[in-house]
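Fold and contact review
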Amino acid sequence: MTAKTDYKLIRSKRKSVSIEIKPDMTVIVRAPKYLPKREIDAFVNEKSEWIAKHIEKLKEAENTLGDIEPLSELQLRELCERAKLVFEAKCRYYADIIGVEYNRITVRHQKTKWGSCSSKKNLNFNCLLLLAPPEVLDAVVVHELCHLKHMNHSKSFYDEVLKVYPDYKKWNGWLKRNGAQLLKRI
């Protein structure tokens, strides 16, 4: 018998159930509005080993990251300034390849997002990405620019991403594995 997993439930207009584990080890379950709670609980219970394995990986990463020095406010500001120039150059380059136009680029230091794209074609990026390998920045930039063609995470969206950046999965995986380490710098 498995232990009950605590989770935060987010219901929306979606067709399937998904599980996400945040860097703070919060379990987020996204489910269709109509799905009964008992079915969601059963799904989470079925995935409890997977959840436990991923939480354990996060704990191991956290233990190895214990002595990372956070950046000062000045260092974060300087990193944002440098990152803005880098993201502007990468966005110009990839926007040409993808065939899209964007409006404003904003760079911040955030604890939860690496990038986002608004319906007004504004792009936002996390300055901490500058501490990752350059290929990770490319992956995030391509991801956000492809949202200008597909404002979702459909198969068509990922087909576009992979057409432009075939190594996307590799570097997105790097970010998933090492992102918590970067976030500890704030």
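Here the structure is shown first, and the text comes after it.
Every chain is numbered independently, its residues counted from 1 as its sequence is written. Totals for whole chains, interfaces and linings use all residues, but because this is a predicted model, local features are given only for residues with pLDDT of at least 70 and pairs of side-chain atoms are given and counted only at 80 or more. Side-chain metrics in this entry use all non-hydrogen atoms of the structure; hydrogen atoms and water are not considered.

1. Quick notes on the packing of aromatic side chains
The line we're drawing: The pairing test for Phe, Tyr and Trp rings, Trp by its six-membered ring, is centres within 6.5 Å, and the orientation test on the planes gives stacked under 30 degrees, edge-to-face over 60, and tilted for anything in between. Where helices and strands are cited, they refer to DSSP runs of H or I of at least four residues and of E of at least two residues respectively, numbered from the N terminus. Relative accessibility thresholds used throughout: buried, under 20% of the residue-type maximum; exposed, over 50%; partly exposed, between the two (1.4 Å probe, protein chains only).
Applying the stated criterion across every chain yields a total of 5 aromatic pairs. With centroids separated by 4.4 Å and ring planes inclined at 5 degrees, the aromatic side chains of F87 and F125 adopt a geometry described as stacked. Within this pair, whereas F87 is found in helix 3 (residues 73-98), its partner F125 is found in strand 6 (residues 123-126), the two being separated by 38 residues in sequence. On the basis of relative accessibility, which here comes to 0%, the residue F87 falls in the buried class. Residue class for F125 comes out buried when judged on its relative accessible area of 1%. Joined through ring pairs, the aromatic side chains of Y93, Y94 and Y165 make up one cluster.

2. Some words on the side chain of S48
Filter applied, for reference: Counted as a polar contact is a pair of N or O atoms within 3.5 Å, where, for protein atoms, one must be capable of donating a hydrogen and the other of accepting one, and residues adjacent in sequence contribute only when both atoms are in side chains.
Tracing the backbone through its elements, the reader meets S48 in helix 2 (residues 48-64). A relative accessible area of 10% places S48 in the buried class. A polar side-chain atom of S48 sits 2.9 Å from the main-chain carbonyl oxygen of N45.

3. Some details on helix 5 (residues 155-164)
Test applied: In this context, the arc is that of the directions from the helix axis out to the C-beta atoms. Should any heavy atoms of two residues lie within 4.5 Å, those residues are considered in contact.
Those residues of helix 5 lying buried are F157, E160, V161 and V164. All buried residues of helix 5 lie within an arc of 100 degrees about the axis, which places them on one face of the element. Turned more than 90 degrees away from the buried face of helix 5 sit K155 and K163, all of them exposed. On its buried face, helix 5 is in contact with helix 3, helix 4 (134-146) and helix 6 (168-183).

4. A closer look at the sheet that holds strand 4 (residues 105-108)
Keep this limit in mind: Here a strand pair is declared whenever DSSP counts at least two bridges between the two strands. Axis angles are defined between N-to-C directions and span 0 to 180 degrees, where every axis is a line fitted to C-alpha atoms and, for a helix, only to the segment in contact.
One open sheet accounts for 3 strands, arranged 4-6-5; its pairing is mixed. The open sheet has two edge strands, strand 4 and strand 5 (115-117), and neither has a second partner. Sheet twist, expressed as the mean angle between neighbouring strand axes with direction ignored, is 15 degrees. Bridging between strand 4 and strand 6 involves 4 bridges; their strand directions are parallel. What sits directly across from I105, in strand 6, is L123.

5. Notes on the sheet that holds strand 1 (residues 8-12)
Reading across from one edge, 1-3-2 is the order of the 3 strands in this open sheet, with mixed pairing throughout. Strand pairing shows two members of the sheet lacking a second neighbour, strand 1 and strand 2 (18-21), which therefore form its edges. Neighbour to neighbour, the strand axes of the sheet diverge by 25 degrees on average, direction disregarded. Judged from the 5 bridges that link them, strand 1 and strand 3 (residues 27-32) form a sheet pairing that is parallel. Pairing of R11 across the sheet is with A31, part of strand 3. Contacts between helix 1 (residues 37-46) and the sheet are confined to strand 1, strand 2 and strand 3, with strand 1 contributing the most and set at about 125 degrees to the helix.

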